[in-house]
Amino acid sequence: MMKIVKTAPFQDQKPGTSGLRKKIVHATQENYLENFVQSMMDLLAEKEKSLLVLGGDGRYYNDQAIQLIIKIAAANGVERLLIGQRGILSTPAASHLIRHYSAGGGIVLSASHNPGGKDGDFGIKFNNASGSPAPESFTSELFELTKKISEYRILESDDIDLSKLGRSVVGDMQIDVLDAVADYQDMLAKSFDMTWLKEEFSRGKLSLAFDAMHAVTGPYAKVIFGQTLGEKPDNIVNAVPLEDFGGGHPDPNLVHAKDLVAKMYSKNSPLLGAASDGDGDRNLILGASTFVSPSDSLAVIAEHAHLIPQFSGGLRGVARSMPTSTALDRVAIDKGIPCYETPTGWKFFGNLLDAGMINLCGEESFGTSGDHIREKDGLWAVLCWLTICGKTNKAPHELLRDLWQKYGRSYYCRYDYEGVPQALADQVMKELKDKLTDLKGVTFGGFEVLDADSFSYVDPVDNSSTHNQGFRIFLRGGHRVIYRLSGTGTDNATIRVYLELLEKDTAKIDGDVFETLKGLGNVANELANVTSITGFVEPSVVT
Ligand code: G16
């Protein structure tokens with residue numbers, strides 16, 4: 001039976017960089033998720049509701065949230081739902097399913113790389129019919145609805161058993177529980193030559209250590225890297241998804257993927273080391289004693305794209321988020337293809353991909369993907385690297401060196417100041433904004449400011465515009481400092497400072513990244529008065 005429940009709106013359901021993310025204790029309060037999902041239902045057209053995909057990264061509250069969404073969907077005229085077994089789907093797999101089954105969209109439950117468990121975070125977002133995170137036009141309208149909602153509709157029924165594959169019916173709605181891995185694996189088999197990769201593994205030319213961080217990619221990695229390519233089970237670690245990620249922080253970077261880093265910096269490490277995050281869209285790439293920065297990873301994939309079956313027709317264009325280093329731009333110039341600079345947030349690549357203007361894109365925040373889906377894709381990036389290493393007979397450090405020799409090296413890192421009181425973070429940004437125009441021509445610590453602006457973007461496909469997407473400080477020599485506030489955190493504010501130092505002298509491309517960037521880091525701090533305003537002497541995390 002359908003029930004109408006009276007509710008009161010919450011004023012804080014504004015989606016951030018990638019959907020709504022909140023602390024579990026906040027997200028689980030009475031009617032919080034119900035309101036948000038009902039607002040989503042109100043916004044969807046009948047056509048979109050004919051078929052929706054539903055799944056999440058398996059974190060704490062995933063199970064209950066899925067059952068709740070099923071009942072709200074059934075009471076709101078959704079005709080059919082495709083759900084990952086046990087309610088689990090990696091974000092790239094969800095994007096693929098939406099496209100593969102021509103769904104009207106999908107509801108993806110994930111707080112990505114944010115911690116899980118009872119004290120962790122929860123997240124929810126809508127992806128449109130092309131599999132892309134919903135654009136700002138949708139999320140803004142959704143936010144408006146959440147501020148006005150007065151009731152939601154829900155079907156009173158028992159929970160559905162999502163452990164068994166197959167079809168069932170709830171009210172008038174049909175539910176198909178799908179194998180979360182199978183369709184995704186079939187898709188990857190079209191992008192890569194799995195038979196050749198398998199041979200390279202069996203000949204010992206390729207080897208991989210993969211850390212699934214007790215998050216969603218474990219089952220995918222076991223099938224793809226283990227069963228299909230033949231990597232030893234011992235080399236695929238933390239492969240059992242846990243609702244609290246084993247107490248870890250499922251953020252694949254040098255700080256949180258410590259064990260993998262230790263393995264890759266030890267003797268007899270495999271050729272490639274990789275990790276993925278909570279929902280499987282991010283990737284970390286390591287070689288023996290080598291960290292591949294996400295910006296360089298993207299540039300290397302662009303440089304060698306012709307070796308990857310998915311790109312056998314060539315690259316049409318590429319894109320990077322604004323703070324991502326300019327290494328990609330130089331590869332694009334060399335290849336004679338356009339390179340677009342978009343605001344942070346995967347959703348901004350969607351139109352460019354749909355229009356066929358780009359077929360490769362990525363971000364400094366450990367995200368890379370192609371036009372096969374509309375999300376970043378962690379395991380796909382690993383397969384790109386395996387293919388490139390295999391085809392070139394080169395290790396990651398050699399591929400990086402080739403890149404830097406040819407184009408110069410963008411020394412690159414990000415300083416994160418986490419848990420800053422919102423008012424202080426806003427003050428840093430406001431004071432910086434007020435002095436942006438005065439910075440031109442001034443020299444700080446030996447770096448001359450050529451220009452400074454607040455980044456705005458006009459989408460070349462639909463002409464929609466987005467403003468205030470971070471401050472860019474352009475320095476003589478091609479160096480940059482970027483400032484923006486994170487849109488994915490749930491704890492106060494996080495100030496992100498992105499440092500890029502372009503070194504064109506090939507005699508100087510082998511330096512230590514963090515040492516090389518120290519001076520620029522000090523300049524960045526001084527320019528924005530980070531320490532004096534926030535009291536933070538050091539960033540909380542440097543990646
Ligand atoms: C999300 C977005 C990315 C973005 C990242 C960081 O990733 O999809 O496009 O780069 O957040 O955003 P912020 O700097 O605002 O925290 P994910 O992996 O968290 O979904």
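Rules of the game
Residues numbered from 1 in each chain as written. Predicted model: local features only at pLDDT ≥ 70, side-chain atom pairs only at ≥ 80, totals over all residues. Heavy atoms only, no water. Helix = DSSP H or I, 4+ residues; strand = E, 2+ residues; numbered from the N terminus. Contact = heavy atoms within 4.5 Å. Near = heavy atom within 4 Å. Polar contact = N/O pair within 3.5 Å; in protein donor to acceptor, adjacent residues only side chain to side chain. Areas by Shrake-Rupley, 256 points an atom, 1.4 Å probe, with all protein chains shown as cover. Nonpolar A, V, L, I, M, F, W, Y, C, P; charged D, E, K, R; others polar. Axes fitted to C-alpha atoms, helices over the stretch in contact; angles between N-to-C directions. Parallel < 35°, antiparallel > 145°, perpendicular 65-115°, else oblique. Left-handed = near helix turned anticlockwise from the far one by under 90°. Pairing = 2+ DSSP bridges. Domains from an automatic or database assignment. Buried area = accessible area lost by both parts, 1.4 Å probe. Salt bridge = Lys/Arg side-chain N within 4 Å of Asp/Glu carboxyl O.

Caption draft 1: Structural view of the environment of Leu271. Here Leu271 is to be found in the loop between helix H9 (258-264) and strand E12 (272-276). Setting aside residues no more than four positions away along its own chain, Leu271 makes contact with Lys205, Leu206, Ser207, Met264, Leu286, Gly287, Ala288, Cys389, Ala395 and Pro396.

Caption draft 2: Broad picture of the environment of Leu517. On the secondary structure map, Leu517 appears in the loop between helix H16 (513-516) and helix H17 (518-528). Discounting residues that sit within four places of it in the chain, Leu517 has contacts with Tyr411, Tyr412, Cys413, Tyr415, Leu499 and Leu501.

Caption draft 3: Representation of the site of the ligand in the model. The ligand sits among 19 residues. The nearest are Glu363, Arg484, Gly487, Thr488 and Arg496. The contact in question runs from an oxygen atom of the ligand to an N or O atom on the side chain of Thr17, over 2.6 Å. In the environment of the ligand, an oxygen atom lies 2.8 Å from a nitrogen or oxygen atom belonging to the side chain of Arg21. Starting from 460 Å² of accessible surface for the ligand in isolation, the protein chains cover 99%. The class makeup of the residues in the shell around the ligand is one nonpolar, 10 polar and eight charged.

Caption draft 4: Region of the structure containing the packing of helix H10 (residues 294-303) against helix H11 (residues 327-335). With their axes 8 Å apart at the nearest point, H10 and H11 run at an angle of 15 degrees to one another. As far as their axial angle goes, H11 and H10 are roughly parallel. For H10 against H11, the interelement crossing comes out right-handed. Across from Ser295, Asp296, Leu298, Ala299, Ala302 and Glu303 in H10, the residues of H11 making contact are Ala327, Leu328, Val331 and Lys335.

Caption draft 5: Local environment of the sheet that holds strand E9 (residues 173-178). Read from one edge of the open sheet, seven strands run E2-E6-E5-E3-E4-E9-E8, paired in mixed fashion. In the strand order of this sheet, the two ends are held by strand E2 (20-23) and strand E8 (166-170), each with one partner. Direction aside, neighbouring strands of the sheet carry axes that sit 20 degrees apart on average. Bridge analysis of strand E3 (residues 52-56) against strand E5 (residues 105-109) gives five bridges, and the strand direction is parallel. Residue Leu52 lies in a different strand from E5, and its bridge partner there is Gly105. Packing of helix H3 (residues 62-75) onto the sheet brings it into contact with E3, strand E4 (80-88), E5, strand E6 (121-127), E8 and E9, and relative to E4 it is tilted by some 170 degrees.

Caption draft 6: How the structure looks around the domain arrangement of the protein. As assigned here, the protein comprises domain 1 (2-180), domain 2 (184-407) and domain 3 (409-542). The gap between the C-alpha centroids of domain 2 and domain 3 is 26 Å. For the pair domain 2 and domain 3, the summed buried area comes to about 2300 Å², and 59% of that belongs to carbon and sulfur atoms. By the criterion of area lost to domain 3, the three top residues of domain 2 are Met322, Asn351 and Trp404, representing 26% of everything that side buries. Where domain 2 touches domain 3, the interface holds four salt bridges. A salt bridge links Arg472 to Glu341; the shortest N-O distance between them is 2.8 Å. Applying the counting criterion to the domain 2 and domain 3 interface returns 12 residue pairs in polar contact (both at pLDDT 80 or more). Secondary-structure elements contributing two or more residues to the side of domain 2 that touches domain 3 are H11, strand E16 (339-342), helix H12 (350-354) and helix H14 (396-407). When residues of the side of domain 2 that touches domain 3 are assigned to their parent elements, the largest contribution, four residues, is made by H14. Of the residues that constitute the side of domain 2 that touches domain 3, the class distribution is 13 nonpolar, nine polar and five charged.

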